[in-house]
Amino acid sequence: MSVVGILTGGGDCPGLNAAIRAATRGLLAKGHDPVGIRGGWRGLAEGTLVPLTRRGVGGMLPRGGTILGSSGYNPFREEGGVEAVLGTCERLDIAAVIAIGGEGSLGAAHRLHAEHGFSVVGVPKTIDNDLAGTDVTIGFDTAVEICTEALDRLHTTAESHNRVMVVEVMGRSTGWIAAASGIAGGADVILVPEEPAPIEDAAEHVRRRHESGRDFSIVVVAEGYPLTRRSGEQEGQVVQDVDEYGFVRLGGIGHRVGEEITRLTGFETRVTVLGHVQRGGTPTARDRLVATRLGLKAADLVHARAWGQMAAIRGDETVDVPLAEAVATRKSVPRAWIEAGRVVA
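Report follows, based on the coordinates. (Residues numbered from 1 in each chain as written. Predicted model: local features only at pLDDT ≥ 70, side-chain atom pairs only at ≥ 80, totals over all residues. Heavy atoms only, no water.)

## Examining the sheet that holds strand 13 (residues 317-322)
Spatial strand order, 3-2-1-4-5-12-13: seven strands in an open sheet with mixed pairing. With partners counted over all chains shown, the strands left at the sheet margins are strand 3 (49-51) and strand 13, one partner each. For this sheet, the mean inter-axis angle between neighbouring strands, taken without regard to orientation, is 30°. By the bridge criterion, three bridges tie strand 2 (residues 33-37) to strand 3 in an arrangement that is antiparallel. Its bridge partner being in strand 3, Gly-36 is matched across the sheet by Val-50. Helix 1 (residues 16-29) rests against strand 1 (3-8), strand 2 and strand 4 (94-101) of the sheet, and its axis sits at about 175° to strand 1. (Pairing = 2+ DSSP bridges. Helix = DSSP H or I, 4+ residues; strand = E, 2+ residues; numbered from the N terminus. Axes fitted to C-alpha atoms, helices over the stretch in contact; angles between N-to-C directions. Contact = heavy atoms within 4.5 Å.)

## Observations concerning the state of the cysteines
Under the counting rule described, the total for this entry stands at zero disulfides. In this structure Cys-147 is a free cysteine whose sulfur lies 13 Å from that of Cys-13, the closest cysteine sulfur available. A residue is classified by how much of its surface remains accessible, and Cys-147, at 1% relative accessible area, is buried. (Disulfide = S-S within 2.5 Å. Buried < 20%, exposed > 50% of the residue type's maximum accessible area, 1.4 Å probe, protein only.)

## Considering the layout of surface pockets
Of the voids in this model, the largest pocket is the one considered here, and its volume is about 1,200 Å³. What lines the largest pocket is a set of 48 residues, among which Gly-11, Arg-172, Phe-247, Val-248 and Arg-279 lie closest to the centre. Counting residues per element, the ones that place at least two in the lining of the largest pocket are helix 4 (103-116), strand 6 (164-169) and strand 10 (248-250). The element that contributes the greatest number of residues to the lining of the largest pocket is helix 4, accounting for six residues. Here the residues of the lining of the largest pocket are counted per class, giving 13 nonpolar, 20 polar and 15 charged. As a volume, the second largest pocket reaches approximately 270 Å³. (1 Å grid on protein atoms, 1.4 Å probe; cavity = no way out; pocket = protein on both sides within 12 Å on 5 of 7 lines; lining within 4 Å. Points joined across faces, edges and corners; volume = space filled by probe spheres on them. Nonpolar A, V, L, I, M, F, W, Y, C, P; charged D, E, K, R; others polar.)

Such coordinate-based values are descriptive only and should not be taken to indicate function.
Right, dumping it as structure tokens:
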């Protein structure tokens, strides 16, 4: 029996506990001894572990967040971080680690494996859905559902008051949440970083709607959208600040878009920033299923000693791909999605 650590790194999202549950039970079924690592890679550097048992992970499918806690700690950014991680594994006889994370956490996992021969398997989670190598990541479906419900609610108040409603959603430098929820929620304008439409075009579309008798409009904007003008001038992404691990926090573009639409059209505009509500609460059925399948696949990869691989969803299949592939590029919203949003608006 080998000891296998499980950690969740980076931002939390619905479905993490379902993945922990599945990985734990999958490892136990194959004769391994799973342990939880508190606080992501920082917990492994500090040796902060908790026991994981079959009974202990019961009842976790509907629970949001992560029972293991999380952080943006990257051992390669901290002095002595890599040595601390390797030392903990040697000292506590941890044979392998299942890292459930996004671009930053899995990037660290890849480097640990590539540069130090670290025995690690990855599981993709991020509401942003921007990891390459997998069709979908844990947390994305729930975030889209939350945003779509918000758009449904804002439709009624926008129509009642003849207003333009601007809704800012998360996604960092991609527009997956904006595109998916915008299409599902019937948004009239969808602004994403992949193809940043000029703000004048957005305002013109809103104005045409009003001229045709539609006295309200819904505009969805991804937090990473750089305000763009027909001249080609861009203001760049709106950055709030930088966290303790060096990652920028985006947010505020919704207010800039609202100001510009009001200036260009004269219409009353209100801005809603959904923020971290997109990360919270009960995961959808699909996120629970995705997380369970990926967690079980990760346990299989550990048992097969397939180090440096990531569990992934491709079509209807659960497969494995190299971590190197998953973190090499950012998965962007395809043009077909962007065009679909424009056609049905």
